[in-house]
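In case you want the letters, here they are:
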Protein chains: 2
Amino acid sequence: HRPWGSRLCLHRLGDLGQLGGHTAPSDTTLACHFPHPRLKRSRLKVRFCTNESQKSRGELVALLRRLGFDISQEEVTAPAPATCQVLEERGLRPHLLVHDGVRSEFDQIDQSNPNCVVLADAGESFSYQNMNKAFQTLMELENPVLISLGKGRYYKETSGLMLDVGAYMKALEYACGIEAEVVGKPSPEFFKSALQAMGVEAHQAIMIGDDIVGDVGGAQRCGMRALQVRTGKFRPSDEYHPEVKADGYVDNLAEAVDLLLQHADK
Amino acid sequence: HRPWGSRLCLHRLGDLGQLGGHTAPSDTTLACHFPHPRLKRSRLKVRFCTNESQKSRGELVALLRRLGFDISQEEVTAPAPATCQVLEERGLRPHLLVHDGVRSEFDQIDQSNPNCVVLADAGESFSYQNMNKAFQTLMELENPVLISLGKGRYYKETSGLMLDVGAYMKALEYACGIEAEVVGKPSPEFFKSALQAMGVEAHQAIMIGDDIVGDVGGAQRCGMRALQVRTGKFRPSDEYHPEVKADGYVDNLAEAVDLLLQHADK
């Protein structure tokens with residue numbers, strides 16, 4: 001009996017990326033007890049799927065390695081590189097309203113004479129002046145294209161709650177009368193690009209995450225099964241969410257890996 | 001035959017306020033040829049109904065007087081004083097995210113230990129820091145109340161299009177999962193407060209404005225009739241607007257006054 005029959009594990013570093021990026025790790029045991037080596041020894045494929053958009057993959061991986069993760073850039077699916085692929089495919093030249101930390105991801109992209117706006121969690125760079133510049137760029141286009149790296153409402157820093165990219169996306173959407181294209185969880189395209197990078201089908205994959213809507217709901221809508229970990233963003237009320245029901249709950253990542261390995265071995 | 005049977009004229013200074021506030025007057029002939037004195041000599045009542053939220057009424061009236069308008073503060077219905085009335089009636093203590101120019105309107109209001117946020121066109125003050133402060137204030141409240149002085153999408157300055165308060169309202173609405181209360185046109189309460197200030201009923205009033213939705217549509221939904229002037233914000237396509245049809249069109253304010261006086265005299 002193999003309840004998930006998984007050939008691979010789509011593993012999330014969202015809250016770690018978030019922790020690394022924005023807050024002091026509230027969940028460092030996750031890093032210390034990280035069970036990734038055991039997964040690596042198994043025949044399961046692993047991929048890290050994050051909405052982190054303030055850092056380049058290089059910075060993110062370096063941070064995670066310092067925290068004890070054995071991880072390479074090639075194992076990460078993140079919004080900025082996924083956006084670059086979209087830009088190249090469609091011949092789009094972006095005006096960037098992004099954090100300086102992630103700007104290098106766009107180095108290879110032609111940014112002259114912009115025909116779209118790419119929005120990410122820009123933090124302090126969300127000034128009135130920069131917002132107006134992005135707005136004006138959109139209004140000058142016949143067919144304004146706004147690409148948003150995620151649509152998070154807010155996140156927690158040590159100094160308190162902070163507005164995330166989704167709020168500023170809504171501001172531009174309203175002012176321009178347009179709808180943004182979101183690159184990142186829970187967008188189906190984003191999950192699909194992760195699956196594609198691994199060369200597996202949705203029904204063969206399991207998502208593990210702490211966000212009931214962004215991780216669990218998003219993956220399920222793509223045909224994956226999904227476990228919620230009771231760490232990070234998790235709230236007890238998530239287990240009674242009106243719209244999303246996880247395929248299973250685990251207390252932490254280690255338990256999720258135990259479970260997966262147990263079934264993979266059978 | 002009195003097609004409008006008007007006892008009064010609800011007169012708008014929106015685009016003048018806007019011009020004065022944000023741009024070089026593109027429409028100064030309106031001020032030079034201002035027909036207000038003729039209205040003043042008639043038995044029609046006049047009131048100025050504006051969404052200007054960067055200036056106090058004092059500043060606004062001073063500006064208009066310099067442009068040749070014979071106008072006093074008591075003749076102006078504006079979002080800031082209307083908001084003060086709402087705050088007092090409901091015992092609300094605001095955290096203000098507003099332009100410094102309008103702050104004095106709130107001098108008499110208790111702003112300690114805020115239990116709501118008041119948002120206006122804050123211009124340069126729409127910084128990431130100030131937006132986070134407003135957001136955090138709302139998130140700390142059990143029943144977050146957000147009052148927005150208007151919900152304009154954008155306006156034009158000499159330096160280009162600028163985001164208006166509505167865009168930032170949408171950002172906070174999305175981040176907090178709430179809906180703002182809008183004080184200003186086209187909110188019915190706002191028109192009603194203008195009617196009340198004049199002591200007349202909606203069917204006795206005529207709105208004259210350049211904004212097909214905010215002025216004409218808003219007034220009509222309150223039971224007023226409304227003329228659109230072909231100046232300021234007016235665009236030829238307004239005459240074929242899918243949802244709002246003005247009761248009449250005039251080339252400018254002088255023509256509107258001619259028309260009103262003609263019928264009032266009968």
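Structural notes, computed from the coordinates. Fair warning: this is a prediction, and the values are worked out from it, not measured in the lab. (Residues numbered from 1 in each chain as written. Chains lettered and ligands numbered in written order. Predicted model: local features only at pLDDT ≥ 70, side-chain atom pairs only at ≥ 80, totals over all residues. Heavy atoms only, no water.)

## Topic: the packing of aromatic side chains
Overall, the coordinates contain eight aromatic pairs over all chains when judged by the stated rule. The rings of A:Phe126, A:Tyr168 and B:Tyr128 are connected pair by pair, giving a single aromatic cluster. (Phe/Tyr/Trp six-rings, centres within 6.5 Å; stacked < 30°, edge-to-face > 60°.)

## Concerning helix 4 (residues 57-66) of chain B
For the α-helix, the turn length of 3.6 residues means that residues three or four positions removed from each other point alike. Turning to helix 4 of chain B, its buried residues are B:Leu60, B:Val61, B:Leu63 and B:Leu64. Along helix 4 of chain B, the residues classed as buried sweep out an arc of 160° about the axis, all on the same side. (Buried < 20%, exposed > 50% of the residue type's maximum accessible area, 1.4 Å probe, protein only. Helix = DSSP H or I, 4+ residues; strand = E, 2+ residues; numbered from the N terminus. Arc of directions from axis to C-beta.)

## Digging into the relation of the copies chain A and chain B
Mapping chain A onto chain B calls for a screw motion: a turn of 180° about the axis and a shift of 0.0 Å along it, with 0.0 Å RMSD after fitting. The superposition of one copy onto the other is thereby described by a two-fold rotation axis. A share of 100% of interface residues in chain A that are also interface residues in chain B marks the association as one of identical surfaces. (Least-squares fit on C-alpha atoms with pLDDT ≥ 70 in both. Contact = heavy atoms within 4.5 Å.)

## So, the side chain of B:Asp215
Residues and elements named next belong to chain B. If you trace the backbone, aspartate 215 turns up in helix 9 (residues 212-221). The buried category is assigned to aspartate 215, whose relative accessible area is 1%. Of the polar contacts made by the side chain of aspartate 215, one reaches the side chain of lysine 185; its length is 3.0 Å. (Polar contact = N/O pair within 3.5 Å; in protein donor to acceptor, adjacent residues only side chain to side chain.)

## Points about the environment of A:Cys49
Residues and elements named next belong to chain A. Structurally, cysteine 49 is set in strand 2 (residues 45-49). Accessibility expressed as a relative area gives 0% for cysteine 49, which makes it buried. In this structure, the C-alpha to C-alpha distance between cysteine 49 and glutamine 262, residues 213 residues apart in sequence, is 23 Å.

## What about the sheet that holds strand 9 (residues 181-183) of chain B?
All names here are of chain B. Strand order in the open sheet formed by four strands is 4-5-6-9, and the pairing between neighbours is parallel. At either end of the open sheet lies a strand with only one pairing partner, and these are strand 4 (94-97) and strand 9. Put simply, the sheet's adjacent strands are angled 25° from each other on average, direction ignored. Bridging between strand 5 (residues 116-119) and strand 6 (residues 146-149) involves three bridges; their strand directions are parallel. Pairing of leucine 119 across the sheet is with serine 148, part of strand 6. Packed on one face of the sheet, helix 6 (residues 128-139) meets strand 4, strand 5 and strand 6 and runs near 160° to strand 4. (Pairing = 2+ DSSP bridges. Axes fitted to C-alpha atoms, helices over the stretch in contact; angles between N-to-C directions.)

## A look at the pattern of salt bridges
Enumeration according to the criterion identifies 16 salt bridges over all chains in this entry. Across the salt bridge formed by A:Lys185 and A:Asp215, the nearest N and O atoms sit 3.0 Å from each other. A residue pair is termed long-range when its members are at least 10 positions apart, and A:Lys185 in the loop between strand 9 (181-183) and helix 8 (188-198) and A:Asp215 in helix 9 (residues 212-221) qualify at 30 residues. A relative accessible area of 4% places A:Lys185 in the buried class. Between B:Lys233 and B:Asp211 there is a salt bridge; the shortest N-O distance is 3.1 Å. Highlighted residues: B:Lys233 in the loop between strand 11 (225-229) and strand 12 (248-250) and B:Asp211 in the loop between strand 10 (205-209) and helix 9, separated in sequence by 22 residues. The class of B:Lys233 is partly exposed, set by a relative accessible area of 44%. When its relative accessible area of 18% is taken as the criterion, B:Asp211 is described as buried. (Salt bridge = Lys/Arg side-chain N within 4 Å of Asp/Glu carboxyl O.)

## Things to note about the interface of chain A and chain B
Listed by partner, the interface residues are 31 residues for chain A and 31 residues for chain B. The contact between chain A and chain B buries some 2600 Å² in all, and 65% of this surface belongs to carbon and sulfur atoms. Ranking the residues of chain A by area buried against chain B places A:Tyr128, A:Leu163 and A:Tyr174 at the top, with a combined share of 33%. At the surface where chain A touches chain B, the tally comes to zero salt bridges. Along the contact surface separating chain A from chain B lie 14 residue pairs in polar contact (both at pLDDT 80 or more). Elements with a contribution of two residues or more to the side of chain A that touches chain B: helix 6 (128-139), strand 7 (154-157), strand 8 (160-163) and helix 7 (165-176) of chain A. (Buried area = accessible area lost by both parts, 1.4 Å probe.)

## Details of the environment of B:Arg90
If you trace the backbone, B:Arg90 turns up in helix 5 (residues 79-90). In contact with B:Arg90, not counting residues within four places along its chain, are B:Val145 and B:Glu181.

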